[in-house]
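Observations on the model geometry
Next come the chains, spelled out residue by residue.
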Amino acid sequence: DQQVKQNSPSLSVQEGRISILNCDYTNSMFDYFLWYKKYPAEGPTFLISISSIKDKNEDGRFTVFLNKSAKHLSLHIVPSQPGDSAVYFCAASRGGSEKLVFGKGTKLTVNP
Amino acid sequence: SQTIHQWPATLVQPVGSPLSLECTVEGTSNPNLYWYRQAAGRGLQLLFYSVGIGQISSEVPQNLSASRPQDRQFILSSKKLLLSDSGFYLCAWSTSRNIQYFGAGTRLSVL
């Protein structure tokens, strides 16, 4: 049972435009959500996170939105840059757990 | 600042040979430590995690084992590798609120 789902395996956008990466979850006990960015042959890098008590968190060009009623979160990148081309993983955790549950990732390609 | 070291970066091993991958963390005490595997075209699969020395939790039954002989050292092992053990292995650490920080990874090819 996949508790964190990233239904789009890939996304292609033009440089300067907005990239929107989506993630759905099924476990209502999740209360903390994270986004990671991964380049080939490297470890994932933490990007941004959000607690379930918030619906938005912003850090520079990156904004994460959380819709708890829909069990949906999204990562917005504005403006998109070619260096943003990578695989983006959504992850979730619940209080009291030391573990993260990851989605399968979405490959973002930003075209110059 | 905290750093995580993982080695080797790449490894080619024959089927049936043993495996030992090492991960060490600097700049923090009593971290949670994790081993993940990313198979080709797949997401991140949690293999083992540890909340303290000698405390190992296994997430999936498989050909691998993990040990934590020291506070900031985490080792992934196998006595006999299988072809299906090929993949990209990642070590990670965390201290609070489950933000995990990953090493550079080891590309293992079992031939």
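Residues numbered from 1 in each chain as written. Chains lettered and ligands numbered in written order. Predicted model: local features only at pLDDT ≥ 70, side-chain atom pairs only at ≥ 80, totals over all residues. Heavy atoms only, no water.

Brief notes about the state of the cysteines
Here is the idea: a disulfide is a covalent bond, and it sits between the sulfur atoms of two cysteines. Residue and element names in this part refer to chain A. Counting across every chain of the model gives two disulfides over all chains. Shown here is the disulfide that connects Cys23 with Cys90, its sulfur atoms set 2.0 Å apart. Taking the sign of the S-S torsion, about -75 degrees here, the bridge from Cys23 to Cys90 comes out left-handed. In this pair, Cys23 sits in strand 3 (residues 19-25) while Cys90 sits in strand 9 (residues 86-94), placing the two residues 67 residues apart along the sequence. The same class applies to Cys23 as to Cys90, namely buried. (Disulfide = S-S within 2.5 Å. Helix = DSSP H or I, 4+ residues; strand = E, 2+ residues; numbered from the N terminus. Buried < 20%, exposed > 50% of the residue type's maximum accessible area, 1.4 Å probe, protein only.)

Section: the sheet that holds strand 3 (residues 19-26) of chain B
Residues and elements named next belong to chain B. Taken together, four strands build an open sheet; the order of strands is 1-3-8-7 and the sheet is antiparallel. Across the chains shown, the open sheet's two edge strands, defined by having one partner strand only, are strand 1 (3-7) and strand 7 (65-70). This sheet shows a mean twist of 20 degrees between the axes of neighbouring strands, independent of strand direction. Sheet analysis places strand 7 next to strand 8 (residues 73-78), joined by four bridges and oriented antiparallel. Looking at strand 8, one finds that Ser65 is bridged to Ser77. (Pairing = 2+ DSSP bridges. Axes fitted to C-alpha atoms, helices over the stretch in contact; angles between N-to-C directions.)

Focus on the interface of chain A and chain B
With 22 residues of chain A in contact, the opposing surface of chain B contributes 21 residues. Of the roughly 1,700 Å² buried where chain A meets chain B, counting both sides, 59% is carbon and sulfur surface. Its largest share of buried area at the contact with chain B, chain A owes to Glu98(A), Lys99(A) and Phe102(A), together 32% of the area lost on that side. Across the contact surface, chain A and chain B share one salt bridge. Of the charged contacts in the structure, one is a salt bridge between Lys99(A) and Glu59(B), with a shortest N-O distance of 3.2 Å. Going through the elements one at a time, strand 4 (30-38), strand 5 (45-51) and strand 9 of chain A are the ones with two or more residues in the side of chain A that touches chain B. (Contact = heavy atoms within 4.5 Å. Buried area = accessible area lost by both parts, 1.4 Å probe. Salt bridge = Lys/Arg side-chain N within 4 Å of Asp/Glu carboxyl O.)

Notes on the sheet that holds strand 7 (residues 62-67) of chain A
The sheet built from five strands is open, its strands ordered 1-3-8-7-6 (chain A) with antiparallel pairing. Both outer strands of the open sheet, strand 1 (4-5) and strand 6 (56-59) of chain A, are each paired with one neighbouring strand and no more.

Regarding a nonpolar patch on the surface
Residues and elements named next belong to chain A. Where nonpolar side chains cluster on the molecular surface, the patch consists of Ile18, Ile20 and Val78 and spans about 220 Å² of accessible area. Mapped onto the elements, Val78 comes out in the loop between strand 8 (72-77) and strand 9. Judged by relative accessible area, Val78 falls into the partly exposed class, the value being 41%. (Patch = residues over 30% accessible without salt bridge, like charges linked within 9 Å, V, L, I, M, F, W, Y side chains within 5 Å. Areas by Shrake-Rupley, 256 points an atom, 1.4 Å probe, with all protein chains shown as cover.)

As for unusual backbone geometry
For the peptide bond that leads from Val78(A) to Pro79(A), omega is -10 degrees, which places it in the cis range. Note on placement: Pro79(A) falls in the loop between strand 8 and strand 9. A cis amide bond links Trp7(B) to the next residue, Pro8(B), at an omega of 0 degrees. With respect to the element layout, Pro8(B) can be found in the loop between strand 1 and strand 2 (10-13).

So, the side chain of Thr63(A)
With respect to the helices, strands and loops of the structure, Thr63(A) is situated in strand 7. Those residues in contact with Thr63(A) that sit more than four places away from it in its chain are Ile48(A), Lys56(A), Asn57(A), Glu58(A), Ser74(A), Leu75(A) and His76(A).

Let's talk about the nonpolar core
Judged by nonpolar contacts, the single largest core of 23 residues is most densely connected at Phe33(A), Trp35(A), Leu73(A), Leu75(A) and Tyr88(A). Top contributing element to this core by residue count: strand 9 of chain A, with four residues. Of all hydrophobic cores here, the second largest spans 19 residues; its members include Leu33(B), Trp35(B), Cys91(B) and Trp93(B). (Core = buried A, V, L, I, M, F, W, Y, C linked by side-chain atoms within 4.5 Å.)

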